[in-house]
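Summary of the model geometry
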Amino acid sequence: MHGSLSPSTRVQIPEGIVHRNLAGELVLLNLNSGIYFGLDPVGTRIWHLLETGQTLSQVLSLLLEEYTVPEAQGRQDLERFIAQMREKGLIAIAHETVS
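A short tour of the structure in this document, coming up. Note that the coordinates shown come from a computational prediction; the quantities given were computed from them, not determined experimentally.

1. Side note on the overall build of the protein
- Of regular secondary structure, the protein possesses 3 helices and 5 strands.
- Starting at the N terminus and walking to the C terminus, you meet the elements of the protein as β-β-β-β-α-α-α-β.
- Dimensions of the protein along its principal axes, counting C-alpha atoms only, are 35 × 30 × 20 Å.
- Looking at the protein as a whole, 30% of its 99 residues are labelled buried.
- As presented, the protein carries roughly 5800 Å² of accessible surface, and 52% of it is formed by carbon and sulfur atoms.

2. A look at the nonpolar core
- Core analysis: the largest hydrophobic core is formed by 21 residues, its most contacted members being Leu 39, Trp 47, Leu 50, Leu 78, Ile 82 and Met 85.
- Mapped onto this core, the elements with two or more residues apiece are strand E3 (25-30), strand E4 (36-39), helix H1 (41-51), helix H2 (56-66) and helix H3 (71-87).
- Residues within four places of Leu 39 in sequence aside, it is in contact with Glu 25, Leu 26, Leu 28, Thr 44, Trp 47, Phe 81 and Met 85.

3. Some thoughts on the pattern of salt bridges
- This model, assessed by the stated rule, comprises 3 salt bridges.
- Ionic pairing is found between Arg 75 and Glu 71, a salt bridge with its closest N-O pair at 2.5 Å. With Arg 75 and Glu 71 both in helix H3 and 4 residues apart, the pair spans about one turn of that helix.
- Take Glu 71: its relative accessible area is 43%, and that puts it in the partly exposed class.
- The closest approach of N and O atoms between Asp 77 and Arg 80, which form a salt bridge, is 3.1 Å. A residue pair is termed a helical-turn pair when its members lie 3 or 4 positions apart in one helix, as Asp 77 and Arg 80 do in helix H3 at 3 residues.
- For Asp 77, a relative accessible area of 30% puts it in the partly exposed group.
- Classification of Arg 80 by relative accessible area gives partly exposed; the value is 47%.

4. Examining a nonpolar patch on the surface
- A cluster of nonpolar side chains, namely Leu 22, Val 27 and Tyr 36, defines an oily patch on the protein surface of about 320 Å² accessible area.
- Locating Tyr 36 in the fold gives a position in strand E4.
- Judged by its relative accessible area of 62%, Tyr 36 is exposed.

5. Section: the packing of H1 against H3
- It is the contact of H1 with H3, at a shortest axis distance of 11 Å, that shows an interaxial angle of 75°. Judged by the inter-axis angle, H1 sits roughly perpendicular to H3. Seen from H1, the contacting residues are Gly 43, Ile 46, Trp 47 and Leu 50; seen from H3, they are Leu 78, Phe 81, Ile 82 and Met 85.
- Residue classes in the contact of H1 with H3 are distributed as 7 nonpolar, 1 polar and no charged.

The rules behind each value
Residues numbered from 1 in each chain as written. Predicted model: local features only at pLDDT ≥ 70, side-chain atom pairs only at ≥ 80, totals over all residues. Heavy atoms only, no water. Helix = DSSP H or I, 4+ residues; strand = E, 2+ residues; numbered from the N terminus. Buried < 20%, exposed > 50% of the residue type's maximum accessible area, 1.4 Å probe, protein only. Areas by Shrake-Rupley, 256 points an atom, 1.4 Å probe, with all protein chains shown as cover. Core = buried A, V, L, I, M, F, W, Y, C linked by side-chain atoms within 4.5 Å. Contact = heavy atoms within 4.5 Å. Salt bridge = Lys/Arg side-chain N within 4 Å of Asp/Glu carboxyl O. Patch = residues over 30% accessible without salt bridge, like charges linked within 9 Å, V, L, I, M, F, W, Y side chains within 5 Å. Axes fitted to C-alpha atoms, helices over the stretch in contact; angles between N-to-C directions. Parallel < 35°, antiparallel > 145°, perpendicular 65-115°, else oblique. Nonpolar A, V, L, I, M, F, W, Y, C, P; charged D, E, K, R; others polar.

Have a look at this one:
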């Protein structure tokens, strides 16, 4: 992971973020800013994994088990997803765990 993210990073869903499932995909809405965002099936899976409070390392491991993608690509895609969600105010960095 790069920047302020590490494998032990956890994210949280801020108050004011709601989501609805529409045909297996999620639509997210930030009630504070009015920003909404649609997730495809893979983004929906990532969102659900992040909601459980797992570390980014744990999320990546589960994604690599479920999808046929090289680890470097999976890591890059997860980082891009996190960056996009943070930019839109849909997630926040919760805390780092000490291993």
